[in-house]
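# Notes for the structure review
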Amino acid sequence: MEKSKLEKLQRPADIVFGICLVLTFGMETLLAYRQSILYHGKYFSDVALHLNIARRDQYTYRMIGFLVKYMDKITTSPWAIAVVLGLLVALTVVGNYLVIRFLTKGKVESRIPAEILSLVALFSGPIYIPRYMPYFYAKTQSKYAWQNPTQIMMTVFAVFALLAFYKVYENYMNRISVTSWCALAIAFLLSAWAKPSFIMAFFPAAAMILLGDVFRKEAKWEGIAKAPRFRQVVIMGLTMLPSCIYFLLLNNTLFGKSTQEASVEAGKEASKVIVDFGRAYFNQDFSVTLSIIAGLCFPLFVLLFNLKNLKEQNYAVGWLTVLWGYAEHFTFSESGPRATHGNFAWGKKVAIYLIFVISMAKFMENLTDPEFLKGNRKRKMIYGAIGVLLLALHMISQLVYLNYIGHGGKYMI
């Protein structure tokens, strides 16, 4: 499409995008409200559970507890928390947009593709395959939990933390400003305060990328010796320290000696983190391979045509985060009352969410690259058509699921 035509479409597209953000906010606010009060005896979710526990225990070591405690001093209306969750979901779309625009800057001028894909990133999920993979959330590689307030909170901060990481990483070998360092550290900490699952998957992935930079040959870093490189890696890595400290304190609160003793005194079994290889994958009544394909079909399709681009750190860190998320879910579990909570699956979920956003940016980049597929126009059109079809299937499946739970249906299907 000619540039002049795109420019004419840009303003109406911006308005439509703004309307979609408002509608997304309204939809999530209404859904969260109904989930919080179990509207008409339906809408069972983690929202009401988290709110009840937060009000009972009055804890502030998790973001949801802090939010409930201090918002209740203003109003106890269930609409208050619902509005906050609505805003966070809308902000997630904004974060998606900013990440896609950052990754495609200088390659895609129009904002329209990023606006469309930032919404698709939120409203897409595992592909529903009748008879073979007939699930929408349970037993799938789902990436977004509309029923879980802590995951909603974590995801928005994870998206903005990824954006901050990209921006600081872009020129960190030469200089990291105090403002940028603090912004990245705070973004990491906020995501951890919401739920530490993102940092548990992302930090090992980022560490691999950063340590590799000490030895990596890059034209833009030519002339920078290993010692100065290592110093910058340490400075960058220290942005993760506040979140790591918080994580250790949280772990002590949940699984420390005093907590263990209190559980025993109350006649309850104490929860522990245990190594239980393959518990979430072996002896299942569904195909794990098909589940992974149905859940990550679009990112895997893009990866197939971009294997050589894994040398790009911005792309590689996304897939490394996915691998660490799966490794964590495969290896660890919990015993006791928390055994069925599935907490070690959340890192995988947010990693899949992020790789969808990253893959969408890579998809856009491919379609605008004159050298992609050796410049063969027909092949590029086929690639684009298949990619759009896969995104459509991901989105339709999620919208069907969202419509179901939006009318009070159970989420674990």
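Residues numbered from 1 in each chain as written. Predicted model: local features only at pLDDT ≥ 70, side-chain atom pairs only at ≥ 80, totals over all residues. Heavy atoms only, no water.

Next up on the list: the overall build of the protein. Within the protein, the secondary structure is distributed over 16 helices and 2 strands. Taking the principal axes of the C-alpha coordinates as reference, the protein spans close to 70 × 55 × 50 Å. Sorting the 413 residues of the protein into buried and exposed places 51% on the buried side. Sequence separation of at least 24 residues holds for 74% of the intrachain contacts in the protein that already meet a minimum separation of 6. Here the protein displays about 19900 Å² of accessible surface, and carbon together with sulfur accounts for 65% of that area. The distance from the centre of the 43 positive side-chain charges to the centre of the 24 negative ones in the protein is 3 Å. (Helix = DSSP H or I, 4+ residues; strand = E, 2+ residues; numbered from the N terminus. Buried < 20%, exposed > 50% of the residue type's maximum accessible area, 1.4 Å probe, protein only. Contact = heavy atoms within 4.5 Å. Areas by Shrake-Rupley, 256 points an atom, 1.4 Å probe, with all protein chains shown as cover. Lys, Arg positive; Asp, Glu negative; His and termini not counted. Charge placed at Lys NZ, Arg CZ, Asp CG, Glu CD.)

One finds W146, Y172 and F198 to be the most contacted residues of the largest nonpolar core, which totals 115 residues. If one sorts the elements of this core by residue count, helix α6 (residues 149–169) sits on top with 15 residues. Once you skip the residues sitting within four places of it in the chain, W146 turns out to touch M27, E28, L31, Q35, V89, L122, F123, I152, Q398, Y401, L402 and I405. (Core = buried A, V, L, I, M, F, W, Y, C linked by side-chain atoms within 4.5 Å.)

Here we take up the packing of aromatic side chains. In this description, a pair of aromatic rings is defined by centroid distance and the angle of the planes. Under the definition given, this model contains 32 aromatic pairs. Through successive ring pairs, a cluster of aromatic residues spans F102, F165, Y166, Y169, Y172, F188, F198, F202 and F203. One Lys or Arg, K143, reaches over the ring of F356 and ends 5.0 Å from the middle of that ring. Lying over the aromatic face of Y315, K362 brings its terminal NZ or CZ to 5.3 Å of the ring centre. (Phe/Tyr/Trp six-rings, centres within 6.5 Å; stacked < 30°, edge-to-face > 60°. Lys NZ or Arg CZ within 6 Å of the ring centre and 35° of its normal.)

Let us look at unusual backbone geometry. Positive phi outside glycine occurs at Y43, with the angle close to 60 degrees. Looking at where Y43 falls in the secondary structure, it is placed in the loop between α1 (3–37) and α2 (46–57). Despite not being glycine, R131 has its phi angle at roughly 75 degrees, a positive value. Here R131 is to be found in the loop between α5 (112–122) and α6. By relative accessible area, which is 75% here, R131 ends up exposed.

Attention now goes to a nonpolar patch on the surface. On the surface, a nonpolar cluster with roughly 630 Å² of combined accessible area is contributed by L211, F230, V234, L238, L241, I245 and L249. Of all the secondary structure elements, the ones that give two or more residues to the nonpolar patch are α9 (226–237) and α10 (241–255). Among the elements that take part in the nonpolar patch, α10 stands out by supplying 3 residues, more than any other. With respect to the secondary-structure elements, L241 resides in helix α10. For L241, a relative accessible area of 43% corresponds to the partly exposed category. (Patch = residues over 30% accessible without salt bridge, like charges linked within 9 Å, V, L, I, M, F, W, Y side chains within 5 Å. Salt bridge = Lys/Arg side-chain N within 4 Å of Asp/Glu carboxyl O.)

Glancing now at the environment of G384. Residue position: G384 is located in helix α16 (residues 377–406). Judged by relative accessible area, which is 10%, G384 ranks as buried.

Before going further, it helps to spend a moment on α5. Counting buried positions along α5 yields 9 of 11 residues, so the element is predominantly enclosed. When we look at burial in α5, the residues that qualify are I112, A114, E115, L117, S118, L119, V120, A121 and L122.

The next subject is the packing of helix α8 (residues 197–213) against helix α15 (residues 346–368). Packing of α8 against α15 leaves a shortest axis separation of 7 Å and a crossing angle of 65 degrees. In terms of axis orientation, α8 runs roughly perpendicular to α15. For the crossing formed where α8 meets α15, the hand is right-handed. Counted together, S197, F198 and A201 of α8 and W346, G347, V350 and L354 of α15 form the full contact between these two elements. Grouping the amino acids of the contact of α8 with α15 by side-chain chemistry returns 5 nonpolar, 2 polar and no charged. (Axes fitted to C-alpha atoms, helices over the stretch in contact; angles between N-to-C directions. Parallel < 35°, antiparallel > 145°, perpendicular 65-115°, else oblique. Left-handed = near helix turned anticlockwise from the far one by under 90°. Nonpolar A, V, L, I, M, F, W, Y, C, P; charged D, E, K, R; others polar.)

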